[in-house]
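# Fold and contact review
Each chain is listed here by its residues.
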Amino acid sequence: GNSERGNGIALPDGVTLGDYRIIRTLGQGGFGITYLAEQVNLNRRVAIKEFFIAEYCQRGGESTFVETITGYSSQIVEVYKAKFIKEAKIISKLDHPNIVRIHDIFEENNTAYIVMEYLKGGNLLDRITYGYVIDFFDFKIFNYNYYVS
């Protein structure tokens, strides 16, 4: 139900995704959830953005698997997810001090994840570099129909 929208949709702390272990949730937007994680084999902290459209997606009970609410929403989600991955690949090629570095992109739990550098010192949402990349994704996906034509 709606009461679970707060924390129920985020991955629980301690969950592993490949070589990454979720430490805690940093932020949640309309199009994704951002986590602080540890990349175990390199022993470094990273930020991970999970593609999750709150309006169309849900996670059942203790499961980490992302489901779409209806068949119709699954089509929308697939289109946006492909866009999310494509944008991440574009950003990963950029080298600019104001654009966060992308380390990895992968798919798991029926959704997509972007692994970014984690910048210490302050809340993720207070950082311009992060704010830029997260807002960039949300803005681009939100305006998908506007610039795809």
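I will try to describe carefully the structure that is included in this document. (Residues numbered from 1 in each chain as written. Predicted model: local features only at pLDDT ≥ 70, side-chain atom pairs only at ≥ 80, totals over all residues. Heavy atoms only, no water.)

What follows concerns the environment of Q39. Considering the arrangement of structural elements, one finds Q39 in strand 3 (residues 32-39). The exposure class of Q39 is buried, given its relative accessible area of 8%. Residues Q39 and I22 lie 17 residues apart in sequence; the distance between their C-alpha atoms is 9.1 Å. Not counting residues up to four positions away in its chain, the partners in contact with Q39 are D19, Y20, R44 and V46. (Helix = DSSP H or I, 4+ residues; strand = E, 2+ residues; numbered from the N terminus. Buried < 20%, exposed > 50% of the residue type's maximum accessible area, 1.4 Å probe, protein only. Contact = heavy atoms within 4.5 Å.)

Attention now goes to the pairing of strand 7 (residues 102-108). In terms of strand pairing, strand 7 meets strand 8 (residues 111-117) through six bridges, oriented antiparallel. Its bridge partner being in strand 8, I105 is matched across the sheet by I114. As consecutive antiparallel partners, strand 7 and strand 8 are separated by two residues, and within that stretch N109 has a phi angle of approximately 55°, a positive value. (Pairing = 2+ DSSP bridges.)

Among the nonpolar cores identified, the biggest contains 38 residues, and I22, I48, F51 and I53 are the most heavily contacted of them. Residue contributions to this core peak at seven residues, all from helix 1 (residues 71-92). Ignoring sequence-local partners within four residues, the contact set of I48 consists of Y20, I22, I33, T34, Y35, A37, Y113, I114 and V115. (Core = buried A, V, L, I, M, F, W, Y, C linked by side-chain atoms within 4.5 Å.)

The next subject is the pattern of salt bridges. For the coordinates displayed, the defined rule picks out six salt bridges. Here R21 makes a salt bridge to E38, at a shortest N to O gap of 2.8 Å. Residue R21 is found in strand 2 (residues 20-28), and its partner E38 is found in strand 3; the two are separated by 17 residues along the sequence. Residue class for R21 comes out partly exposed when judged on its relative accessible area of 32%. Since its relative accessible area comes to 17%, E38 is described here as buried. Counted as one network, the salt bridges with shared partners bring together E78, K81 and E107. (Salt bridge = Lys/Arg side-chain N within 4 Å of Asp/Glu carboxyl O.)

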